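The lines below spell out each chain.
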Amino acid sequence: MNTYLAYNKNIFKDKIILLPFDTNESNFFAYFMINFKRLGIKELIATSYNASGRGTMANISINKKHLSKLKSDGDFRSKEVVKLRNKADFIITNLPFSLFREFIKWCDESNKKFAIIGNLNAISTTDIFPLFQQNKLWLGASINSGDRKF
């Protein structure tokens, strides 16, 4: 994504970014918080899932920083998070790989731009490969060994 950002410096200007599966301690959240003004972000929303209760949401804009509990568990399929998805311009996350195919479908049906970390093997599945053929999905930088810097 850094390479893409290098050529599209204003891609997040006046945009709303949703970070599902995220917390205010993640590297994605940290990156966007540190670069909030430089990137010209309008709003940053991070949600996290809590299997045994209510999920959390961090909502950041130029004028406010608000951390709250969600009404739901924070699952990306909940009405609450779907509403946030529909409000957002971009969806960016490192999701659980077990939800990869369902999450891609969730992103695709929203017609939002998204960037995710996923397993390369997923591209050969019958529900993911057509998205490459339709030019809706592209491969980014690959992790060959160790961590990848965002």
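Just so you know, these numbers come straight off a predicted model, no measurement behind them.

A. Broad picture of the pattern of salt bridges. Under the criterion given, the structure shown has four salt bridges. For lysine 87, the salt bridge goes to glutamate 43, with nearest N and O atoms at 3.1 Å. Here glutamate 43 lies in strand β2 (residues 43–48) and lysine 87 lies in helix α4 (residues 79–87), a separation of 44 residues in the sequence. According to the relative accessible area criterion, lysine 87 is partly exposed, its value standing at 39%.

B. Looking closely at the packing of aromatic side chains. Tallying each qualifying case throughout the model produces eight aromatic pairs. Seen in terms of ring centroids, tyrosine 31 and phenylalanine 32 are 5.2 Å apart; in terms of plane orientation they differ by 80 degrees. Their pairing is edge-to-face. We note that tyrosine 31, like phenylalanine 32, is buried. Ring pairing ties together the aromatic residues Phe12, Tyr31, Phe32 and Phe90, which thus form one cluster.

C. Structural context of a positive patch on the surface. Positive charge collects at one region of the surface, where Arg54, Lys69, Lys71 and Lys83 lie side by side. Along the chain, lysine 71 falls in the loop between β4 (65–69) and α4. What makes lysine 71 exposed here is its relative accessible area of 75%.

D. A look at the sheet that holds β2. On the basis of which strands lie adjacent, the open sheet formed by six strands has the order β4-β3-β2-β1-β5-β6 and mixed pairing. Here the strands that pair on one side only, and so sit at the sheet edges, are β4 and β6 (113–116). Between one strand axis and the next, the sheet turns by 15 degrees as a mean value, whatever way the strands run. Note that β2 and strand β3 (residues 56–61) share six bridges and pair antiparallel. For glutamate 43, the partnering residue across the bridge sits in β3 and is serine 61. Along the sheet, α4 makes contact with β1 (16–19), β2, β3 and β5 (90–93), crossing β2 at roughly 155 degrees. Together, β1, β5 and β6 form the strand contacts of helix α5 (residues 100–110), whose direction differs from that of β6 by roughly 160 degrees.

E. Quick peek at the side chain of aspartate 22. As for its placement among the helices and strands, aspartate 22 is situated in the loop between β1 and α2 (27–34). Lysine 69 is the oppositely charged side chain nearest to the buried, salt-bridge-free aspartate 22, at an N-O distance of 16 Å. Those residues within four positions of aspartate 22 in sequence are excluded, and the remaining contacts are Phe28, Phe29, Ala46, Thr47, Ser48 and Ile92.

F. Fine view of the packing of α4 against α5. One can describe the packing of α4 onto α5 by two numbers: an axis separation of 10 Å at closest approach and a directional angle of 50 degrees. Looking at the two axes, α4 sits oblique to α5. α4 and α5 meet at a crossing whose hand is right-handed. Along the contact surface, α4 presents Val81, Val82 and Arg85, while α5 presents Trp106, Glu109 and Ser110.

G. Examining the nonpolar core more closely. Core analysis: the largest hydrophobic core is formed by 21 residues, its most contacted members being Leu18, Ile45, Phe76, Phe100, Phe103, Ile104 and Trp106. Contributions of two or more residues to this core are made by β1, α4 and α5. Top element by residues in this core is α5. It accounts for five residues.

What counts, and where the lines are drawn
- Residues numbered from 1 in each chain as written.
- Predicted model: local features only at pLDDT ≥ 70, side-chain atom pairs only at ≥ 80, totals over all residues.
- Heavy atoms only, no water.
- Salt bridge = Lys/Arg side-chain N within 4 Å of Asp/Glu carboxyl O.
- Helix = DSSP H or I, 4+ residues; strand = E, 2+ residues; numbered from the N terminus.
- Buried < 20%, exposed > 50% of the residue type's maximum accessible area, 1.4 Å probe, protein only.
- Phe/Tyr/Trp six-rings, centres within 6.5 Å; stacked < 30°, edge-to-face > 60°.
- Patch = residues over 30% accessible without salt bridge, like charges linked within 9 Å, V, L, I, M, F, W, Y side chains within 5 Å.
- Areas by Shrake-Rupley, 256 points an atom, 1.4 Å probe, with all protein chains shown as cover.
- Lys, Arg positive; Asp, Glu negative; His and termini not counted.
- Charge placed at Lys NZ, Arg CZ, Asp CG, Glu CD.
- Pairing = 2+ DSSP bridges.
- Axes fitted to C-alpha atoms, helices over the stretch in contact; angles between N-to-C directions.
- Contact = heavy atoms within 4.5 Å.
- Parallel < 35°, antiparallel > 145°, perpendicular 65-115°, else oblique.
- Left-handed = near helix turned anticlockwise from the far one by under 90°.
- Core = buried A, V, L, I, M, F, W, Y, C linked by side-chain atoms within 4.5 Å.

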